[in-house]
Structure formats: structure tokens, C-alpha cells
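Observations on chain architecture
If you want the building blocks of each chain, they are given just below.
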Amino acid sequence: AGGGGEAATPDELIGGAPLLVFAAEACPYCLELRRELASAGLEPEVHMLDASGREALRQRTGQRTVPYVFVGERFVGGCDDGPEPWMGAMPLLRSGALQQLLDSGSLP
């Protein structure tokens, strides 16, 4: 609990919070997602990415764009999409599946 030191890498952060969003400051999709999550009463842990963090997440997920959203250690996509057709934080939020995943660890 001190100051200084290196910032944690994405791999060190993933799994450390129930809902984790990696974002970029000027990204409109990141802002929209954070607003929608807040409106739903969800408070994700949010980390702003630098270039090395973005590259690490691109290699881990195969996705090139921010935001990167994780429920526990599970990558659920970006704002509206992901590697699988069902992925994307906004579609999961709208369908109730994001809350179910947070509550039970499994999808409907």
C-alpha cells in the first residue's frame, strides 16, 4: 500500500475484480460502456491502458480495440462485440446475461 513502483500489467489485474474494464481515455465506446454499466448499478474496476497494456491484451484476446471487458478471468468482449457472436458487454448487459454471469459465473 505504498506509492511508486510499476503499474500492474493486465495479466496481473485480470481475475482480481468481478467486473474489469480496460479502457482508453478518448474512446467513445469506453465512455458509453462505463455510463451504461453505471446506469445498471454496476461498478466495474476500470484501468486505462498504455500502448504496452493494449498490446498485451490484443495478444491475449485477439481483439484489437478497446474496451476489453472481463468478468472474473473470462473475457466477454468489447463494447458491442467479441471473438464469439454472443460476446460484447452491451449485448450481455441488455439481455441480463452480464448480471447472471456476475452472480453465478455462468451464462444463461
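Residues numbered from 1 in each chain as written. Predicted model: local features only at pLDDT ≥ 70, side-chain atom pairs only at ≥ 80, totals over all residues. Heavy atoms only, no water.

**Concerning the sheet that holds strand β4 (residues 74-77)**
Read from one edge of the open sheet, 4 strands run β2-β1-β3-β4, paired in mixed fashion. The open sheet has two edge strands, β2 (45-48) and β4, and neither has a second partner. Each strand axis lies, on average, 25 degrees off the axis of its neighbour in the sheet, ignoring direction. Alignment of strand β3 (residues 68-71) against β4, held across 3 bridges, turns out to be antiparallel. Opposite Val71, over in β4, you have Arg74 as the bridge partner. Each of β1 (19-23), β3 and β4 is contacted by helix α3 (residues 51-61), which is oriented at about 60 degrees to β3, the strand it contacts most. Against the sheet, helix α5 (residues 97-104) touches β1, β3 and β4, its axis set at about 45 degrees to β3. (Pairing = 2+ DSSP bridges. Helix = DSSP H or I, 4+ residues; strand = E, 2+ residues; numbered from the N terminus. Axes fitted to C-alpha atoms, helices over the stretch in contact; angles between N-to-C directions. Contact = heavy atoms within 4.5 Å.)

**Here we look at the pairing of β3**
Moving residue by residue along a regular strand, the side chains alternate between the two faces of the sheet. Residues Tyr68 and Phe70 line one face of β3 and the alternating positions Val69 and Val71 line the opposite face, and both faces are buried. One ladder, built from 4 bridges, connects β1 with β3; its direction is antiparallel. Directly across from Phe22, in β3, lies its bridge partner Tyr68. Between the end of β3 and the start of β4, which pair antiparallel, lie 2 residues, with Gly72 showing a positive phi angle near 60 degrees. (Buried < 20%, exposed > 50% of the residue type's maximum accessible area, 1.4 Å probe, protein only.)

**Here's the deal with helix α2 (residues 28-39)**
With 12 residues, α2 should reach 16 Å at 1.5 Å per residue; the first-to-last C-alpha distance of 16 Å fits that figure. Residues of α2 that are buried sit in contact with β1, β3, α4 (89-95) and α5. Directly beyond the C-terminal end of α2, a positive phi value near 80 degrees is found at Gly41. (Expected span 1.5 Å × (residues − 1).)

**Concerning the nonpolar core**
Of all hydrophobic cores here, the largest spans 30 residues; its most connected members are Phe22, Leu33, Leu37, Tyr68, Phe70 and Leu98. If you list the elements that add at least two residues to this core, you get β1, α2, β3, β4, α4 and α5. The element contributing the most residues to this core is β1, with 5 residues. Those residues in contact with Leu98 that lie beyond four places of it in its chain are Leu19, Leu37, Leu42, Val71, Ala89, Leu92 and Leu93. (Core = buried A, V, L, I, M, F, W, Y, C linked by side-chain atoms within 4.5 Å.)

**Looking at unusual backbone geometry**
Look at the link from Val66 to Pro67: it is a cis peptide, with omega at 0 degrees. If you trace the backbone, Pro67 turns up in the loop between α3 and β3.

**Here we look at α5**
Those residues of α5 that fall on the buried side of the exposure criterion are Ala97, Leu98 and Leu101. Looking down the long axis of α5, one finds its buried residues gathered within 105 degrees of arc, a one-sided arrangement. Packed against the buried residues of α5 are β1, α2, β3, β4 and α4. Gly105, located one to two residues past α5, shows a positive phi value of around 80 degrees. (Arc of directions from axis to C-beta.)

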